[in-house]
Each structure stands twice: as structure tokens, then as C-alpha cells.
Amino acid sequence: TGKIRNNTQRMNTIISDILNLFSDKPRNTQLIRLNPFLQRIIQEAQINNETGATTILADIAATQDYAVFFDIGHLEQILHNLMLNAVKHAGRDDVEITVRTRIGDVGRFLYIDIQDNGRGVAADDEEKIFEPFFSKRHGTGLGLYLVREMCVANQAQIVYVRKEIGACFRLTMERYLANEDDPHENEPHDNIQIL
């Protein structure tokens, strides 16, 4: 029942996000300490029915001291959608997802990459994947479109990065120094592999 309730809430969030994207309602943005947030998202993905059998690695040491200004519900949905897409479209059973963060060389930006070891996106489809209702399978074709729109609503950017193996989606957003209120907040959870 807990999983049903969580998935029902997630569906309600998706519907609300679609409606909110086309309204003038202000976003619920806040400063989010990035590494503890990513660790929680990965931990939740590891107990989720759809992504629980997937190996998820975290390579996030680069952003230990940083935060981002984002709608927390949007960032949760973005990362969930990207990891779910990796599982659905990898074309293999032993899917491995790496959540990797990097600091930008220019400006005050940081990057979050969600990369898998699947078959990647066909070259002919790369320019279409963020269009609404574009789908090669039985999905709605709204997943990546909503991801892009939620990024735009939070002054962030998402692009597909071609790799030799797998698919890689890169989020770019402005970085801020995190407060050091809790010395234990950035410690990894026991079941998350930190690279």
C-alpha cells in the first residue's frame, strides 16, 4: 500500500506539474544542498519497483560543498524520470546508472549527468527526444518533454550527450556554496556506492 500511495502521489505530481507549467504560479524554489539530496534520490530509486533492480553508482564528490536553487519537487521528478528512462530504454537486463556531478570550467555552473550502459539514443532521434509526444515505445512521450520544461522553469538546461556506450543526459544549473549547518548531512547512506 505504501508503494501504491507513493506512485499515486507521483502521478498526481506529474499532473500538477503539467498544469503548473502553463500557469503563472510562482515556483516553490529553495536552496537545496546537492549531495545529500542526490543520495536520498538514489536511495529511493533503489527501493522503487521500477528501478530497484538497477545498479546505481554515485560519482558526486565534486559537488560536496555546493547547493542549487531549484523547486525540490521538480528536481526529484527530473531525476526520477531520467533514471526510469534509463531502465526502460537500455535494452538490457543488467542496467547500470551513474549519477555524476562536475563543476563547470566557466561561470558558476555545475553539471549533473545521468548516464546508463544501454543502447543510447539513435542519432536520428537526438533532436526529437525532448519534443512532446515523441516516443518509440508505448509511453506517452511526455517524460523528457516535462523534464525539459521543468528545467526551463528553474533556469536550468538539459541536453543529451552522445557517448560511445549508453545514454547520457546532462543537467546544467547555477551553483551556490552550501551552508555547513550539519556536519553529518553530506555523509553517504550505507547502501549507496560512492565512486
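Before any of the text, the structure's been laid out above.
Residues numbered from 1 in each chain as written. Predicted model: local features only at pLDDT ≥ 70, side-chain atom pairs only at ≥ 80, totals over all residues. Heavy atoms only, no water.

## Some words on the packing of helix α3 (residues 72-89) against helix α4 (residues 143-153)
As a packed pair, α3 and α4 sit with axes 10 Å apart at the nearest point and diverge in direction by 150 degrees. Relative to α4, α3 is oriented roughly antiparallel. The two elements α3 and α4 meet at a crossing, and its hand is left-handed. Contacts between α3 and α4 involve His74, Gln77, Ile78, Asn81, Leu82 and Asn85 from the former and Gly143, Leu144, Val147, Met150 and Cys151 from the latter. Tallied by class, the residues present in the contact of α3 with α4 amount to six nonpolar, five polar and no charged. (Axes fitted to C-alpha atoms, helices over the stretch in contact; angles between N-to-C directions. Helix = DSSP H or I, 4+ residues; strand = E, 2+ residues; numbered from the N terminus. Parallel < 35°, antiparallel > 145°, perpendicular 65-115°, else oblique. Left-handed = near helix turned anticlockwise from the far one by under 90°. Contact = heavy atoms within 4.5 Å. Nonpolar A, V, L, I, M, F, W, Y, C, P; charged D, E, K, R; others polar.)

## Observations concerning the sheet that holds strand β8 (residues 176-177)
Strand order across the open sheet formed by three strands is β1-β3-β8, with antiparallel pairing between neighbours. A strand with exactly one partner marks an edge of an open sheet, and here the two such strands are β1 (29-33) and β8. Sheet topology note: the β1/strand β3 (residues 66-71) ladder contains five bridges and is antiparallel. Paired with isoleucine 32 across the two strands is valine 68, which belongs to β3. Contacts from helix α2 (residues 34-46) reach β1 and β3 within the one sheet, and its direction differs from that of β1 by about 85 degrees. (Pairing = 2+ DSSP bridges.)

## Here we look at the packing of aromatic side chains
Throughout the structure, instances matching the rule amount to two aromatic pairs. Their ring planes at 65 degrees and their centres at 6.4 Å tell us that phenylalanine 69 and tyrosine 176 sit as a pair that is edge-to-face. Taken as a pair, phenylalanine 69 in strand β3 and tyrosine 176 in strand β8 lie far apart in primary sequence, 107 residues in all. A relative accessible area of 26% means that tyrosine 176 is categorised as partly exposed. (Phe/Tyr/Trp six-rings, centres within 6.5 Å; stacked < 30°, edge-to-face > 60°. Buried < 20%, exposed > 50% of the residue type's maximum accessible area, 1.4 Å probe, protein only.)

## What to know about the nonpolar core
Counting 41 residues, the largest nonpolar core has Leu79, Ile112, Phe169 and Met173 as the members making the most contacts within it. Dropping the residues within four chain positions of it, isoleucine 112 is found in contact with Leu34, Leu79, Val99, Arg100, Thr101, Phe169, Arg170, Leu171 and Met173. (Core = buried A, V, L, I, M, F, W, Y, C linked by side-chain atoms within 4.5 Å.)

## Observations concerning the packing of α2 against α3
α3 packs onto α2 with a crossing angle of 45 degrees between their chain directions and a minimal axis gap of 11 Å. By the angle class used here, α2 and α3 are oblique. Like other packed secondary-structure pairs, α2 and α3 cross with a definite hand, here right-handed. Counting all contacts with α2, which are made through Phe37, Leu38, Arg40, Ile41 and Ala45, the residues of α3 involved are Ile72, Leu75, Glu76, Leu79 and Met83. By residue class, the composition of the contact of α2 with α3 is eight nonpolar, no polar and two charged.

## A look at α4
Here α4 lies mainly inside the structure; eight of its 11 residues are buried. Here α4 has its buried residues at Leu144, Tyr145, Leu146, Val147, Glu149, Met150, Cys151 and Ala153. At the C-terminal side of α4, glutamine 155 shows a positive phi close to 55 degrees.

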